[in-house]
Amino acid sequence: AAYAVAGIALPQQDGVTGDISHQTYLAAPGGVTIGWFIGGGVFLTSTVSVEAELSSTGRMRAREPSRYGMTFNDERRDRFYAVGLRFHIPVAVRVDFEPVVGVLIARGVQWTQTEYDRGPPTPEQTVVGPTVRQDLPTRVGFTAGLDLRFGGRHAGLLASFRVQRTGGDDEIVPFYPGGFPKWTIRPGMAFRFDF
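In what follows, the accompanying structure is described. (Residues numbered from 1 in each chain as written. Predicted model: local features only at pLDDT ≥ 70, side-chain atom pairs only at ≥ 80, totals over all residues. Heavy atoms only, no water.)

Structural notes on the overall build of the chain
Spelled out, the test is: A run of H or I in DSSP becomes a helix once it reaches four residues, and a run of E becomes a strand once it reaches two; helices and strands are each numbered from the N terminus. Two things to know: the radius of gyration comes from C-alpha atoms, and the globule rule equals 2.2 Å times the number of residues to the power 0.38. Type-normalised accessible area, obtained with a 1.4 Å probe on protein chains alone, sets the label of each residue: buried when under 20%, exposed when over 50%, and partly exposed for intermediate values. The contact criterion used is simple: two residues touch if any of their non-hydrogen atoms lie within 4.5 Å. Where accessible areas are quoted, they stem from the Shrake-Rupley method and a 1.4 Å probe; at the residue level, only the protein chains shown are allowed to cover. In this charge count, Lys and Arg are treated as positive and Asp and Glu as negative; neither His nor the chain ends contribute. Working definition for charges: the position is that of NZ of Lys, CZ of Arg, CG of Asp or CD of Glu.
When you go through the chain residue by residue, the secondary structure sums to one helix and 15 strands. The C-alpha atoms of the chain give 21 Å as radius of gyration, which overshoots the globular expectation for 195 residues (16 Å, by more than 25%). Along the three orthogonal principal directions, the C-alpha set of the chain runs to about 75 × 30 × 20 Å. Relative to its full complement of 195 residues, the chain shows a buried share of 42%. Here the contacts in the chain between residues at least 6 apart in sequence split such that 67% fall between residues at least 24 apart. On the chain, roughly 10100 Å² of surface is accessible, and the fraction owed to carbon and sulfur atoms is 64%. Of the side-chain charges in the chain, 20 are positive and 19 negative, and the distance between the mean point of each set is 6 Å.

Have a look at this one:
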């Protein structure tokens, strides 16, 4: 037997968000966004399956005034590619308790636009640079969580919760010397179809 899952989520990461006060170094934007996840799995036994999942945050945004009259308009998005095990534990006729553990690869994208204040004698004039897109370094990590499945044999509603942690601090520092989040908290809701 196999199954497929598709849902929406509200991933949250620490970081600066919105308009912030002056800071010396660019920090990664964070906050709560609207994201999504899709995946599927194959049952190894009646209570254990192996699955793969692709999930994405929405765009996190921050406007960060910095040194030398520069202001950074920064956006960032993370995508997670995970594989792991799901444990299917029936707790009622139409309710399953499903812990999930696995490993993941995180790939991020950054969009940065820099504004330059020309200063005296025309402080009201600002030069706006182009938006530059950069792929962030690939990071590895783990994922763990708990889902509750409500429904019948072939279709159900999934209340999902994930905690994801990534590493790779040394590679990220050149992009975000002011700090980068390691943890993603992801509640969500999905539909699951079992075949």
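Next comes the rest of the account.
Considerations on the side chain of D194
This is how it is decided: Definition of a polar contact: a pair of N or O atoms within 3.5 Å, with one able to donate and the other able to accept a hydrogen when the atoms are protein atoms, and with sequence-neighbouring residues admitted only if both atoms are side-chain atoms.
Take D194: it is sitting in strand β15 (residues 183-194). Residue D194 is classed as buried on the basis of its relative accessible area of 11%. Within the structure, D194 has its side chain in polar contact with the side chain of R192 (distance 3.2 Å). If near-sequence neighbours (up to four positions away) are discounted, D194 is found in contact with A2, Y3, F43, R149, R153 and H154.

Some points on the pattern of salt bridges
Operational definition: A pair is scored as a salt bridge if a Lys or Arg side-chain nitrogen falls within 4 Å of a carboxyl oxygen belonging to Asp or Glu.
Tallied over the full model, the rule gives 15 salt bridges. Two residues, R133 and D135, come together in a salt bridge whose shortest N-O distance is 3.0 Å. One network of salt bridges, in which partners are shared, links E51, R86, E98, D147, R149, R162, R192 and D194.

Focus: the environment of I185
Turning to its location among the elements, I185 is positioned in strand β15. Owing to a relative accessible area of 30%, I185 belongs among the partly exposed residues under this scheme. C-alpha separation for the pair I185 and Q125, spaced 60 residues apart in sequence, amounts to 41 Å. With residues up to four places along the chain from it excluded, the contact list for I185 reads L10, P11, Q12, F161, R162 and V163.

Points about unusual backbone geometry
One non-glycine residue, Y68, lies in the positive phi region at around 60°. For Y68, a relative accessible area of 68% gives the class exposed.

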